[in-house]
Amino acid sequence: MNEPETDLREKFRDILDRKSDDIPLAGTVTTASVVDLMDICGADRPEADRNPVKMAKLAGSLHTVANLEVIRYPFDVTVLGEALGCNIDPGTKARTPSISTHPFKDKPEEIEVPPDLLKRGRIPVVLEASRILRNKEGAKVPLVAGLEGPADLVSYLCGINSFLTWTIKKPQLVKQIVEKCIDACAIYANACLHAGADAIVIADANSSPDMIGPDAFRKLIKPNLIKFSNNIEGYSILHICGETDIIISDMLECGFNAISVEESVKDLDYVVGLAHKNNTAVIGNVSTSRTLYNKNAGDVRKEAFKCLAANIDILAPGCGIAPETPLRNLLALADARNEYYR
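Definitions and cut-offs
Residues numbered from 1 in each chain as written. Predicted model: local features only at pLDDT ≥ 70, side-chain atom pairs only at ≥ 80, totals over all residues. Heavy atoms only, no water. Pairing = 2+ DSSP bridges. Helix = DSSP H or I, 4+ residues; strand = E, 2+ residues; numbered from the N terminus. Contact = heavy atoms within 4.5 Å. Axes fitted to C-alpha atoms, helices over the stretch in contact; angles between N-to-C directions. Parallel < 35°, antiparallel > 145°, perpendicular 65-115°, else oblique. Left-handed = near helix turned anticlockwise from the far one by under 90°. Nonpolar A, V, L, I, M, F, W, Y, C, P; charged D, E, K, R; others polar. Buried < 20%, exposed > 50% of the residue type's maximum accessible area, 1.4 Å probe, protein only. Right-handed = clockwise from strand over helix to strand, strands pointing away.

Peer 1: Please clarify how the sheet that holds strand β1 (residues 25-26) should be interpreted in this entry.
Peer 2: Strands in a sheet are paired, the pairing made by backbone hydrogen bonds, and the direction either parallel or antiparallel. Taken in spatial order, the 8 strands of this open sheet run β1-β10-β9-β8-β7-β6-β5-β2, and their pairing is parallel. Among the strands making up the open sheet, the edge pair consists of β1 and β2 (71-73). Relative to strand β10 (residues 314-317), strand β9 (residues 281-286) runs parallel, the two being bridged by 4 bridges. Bridge pairing in β10 places V286 opposite P317. On top of the sheet, helix α7 (residues 150-158) reaches β5 (143-148) and β6 (199-203); it is set at about 45° to β5, its chief contact. Relative to the sheet, helix α9 (residues 171-195) contacts β5, β6 and β7 (235-239), its axis offset from that of β5 by approximately 165°.

Peer 1: Explanation requested: the packing of helix α14 (residues 297-309) against helix α15 (residues 327-341) in the structure shown.
Peer 2: Angle between the axes and distance between the axes: these two values describe a pair of packed helices. Between α14 and α15, the shortest axis-to-axis distance is 8 Å and the interhelical angle comes to 45°. Between α14 and α15, the angle falls in the class oblique. At the point where α14 passes α15, the crossing takes the right-handed sense. Residues A297, V300, R301, A304, F305, L308 and A309 of α14 lie in contact with α15, whose contacting residues are R328, N329, A332, L333, A336, R337, E339, Y340 and Y341. Classifying every residue of the contact of α14 with α15 gives 11 nonpolar, 1 polar and 4 charged.

Peer 1: Looking at this structure, how should I read the pairing of β9?
Peer 2: Taken across its 6 residues, β9 has 6 buried, putting it largely inside the fold. Bridge count between strand β8 (residues 258-260) and β9: 3 bridges; the pairing is parallel. Its bridge partner being in β9, S260 is matched across the sheet by I283. What joins β8 to β9 is helix α12 (residues 268-277), and the crossover it makes is right-handed.

Peer 1: Sorry, what's going on with the packing of α7 against helix α8 (residues 160-169) here?
Peer 2: Two numbers describe how α7 lies on α8: the axes approach to 7 Å, and their chain directions differ by 120°. It follows that α7 is oblique to α8 by the angle criterion. Two secondary-structure elements touch here, α7 through A151, V154, S155 and C158 and α8 through I160, S162, F163 and W166.

Peer 1: Could you clarify how one ought to interpret the pairing of β5 in this entry?
Peer 2: Of all 6 residues in β5, 6 are buried, a share of seventy percent or more. Side-chain alternation along β5 places L143, A145 and L147 on one buried face and V144, G146 and E148 on a second face that is also buried. Inspection of the sheet shows β2 paired to β5 by 3 bridges, in the parallel sense. Each residue of the ladder has a partner; that of R72, found in β5, is V144. Sheet topology note: the β5/β6 ladder contains 5 bridges and is parallel. Each bridged residue has a counterpart across the sheet, and for E148 the counterpart in β6 is A203.

Okay, here's the thing in structure tokens:
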């Protein structure tokens, strides 16, 4: 049996407060727009990316159909980038939106947080979907609103090559831009919390050691993530892609209630142990590409058991779920948790 619905939000809060070392929840804090769920619930992307009713319906199906106990929305990480001026390729049913222009590539010093940020792009859609989910689709289910982090946002606005080059040749410029981007992140995140989300998750792929290296992360990104967590009016989760073992201590010092890690981490037991010593929960880390997308429910079960043996706090995909991931493999997450603790 899944956890009783009436207890899910309370248990979620207890996990993030580190008041519970009991049975973990099974859910997702990374993107999860699955075609099988669209077909069942009748809310297809890309319409579900721009229609709050459909966004709420598709997000709600993660619980009502896939049996996940923590649900994440929206289904991509380009909302802030679009609101700040990037053009978006809307994608298709099986392909998530992507950034198509970098409006500040040649004029990074002109980046500013507009006073009407919360009225721009799809931000009003996400906020309305938050209200719908809280009042209808997911009234008893923990809701996690996701957004791109500061490194990703700079990459959207200025281009990934410029961002990576500037971290080496123009670190002071990167620091100034990141400070503006983190302000935008905080404004949007708090609006999501006020609209009904139980927590927000920052997903920052370009903060990975695979991209900018640990020194650049510590000098340019970490101080702003600390600033962000200090200004968030609710629970916060930090997800950074890749083999993050080398910056786990830094991630924990950023002050988030939980960290989400990929299957790329070398030693999950070490990560969980260190996080718990720092009063931080850990979420993850069943492989999305290798296992959830490509293998079967039995393989999901085996990998989930390894996560549970490491004392994970929320059993979840390690990163964003591919749209064509089979529903049976999502269902296997909660099933594996139930079997492990039976």
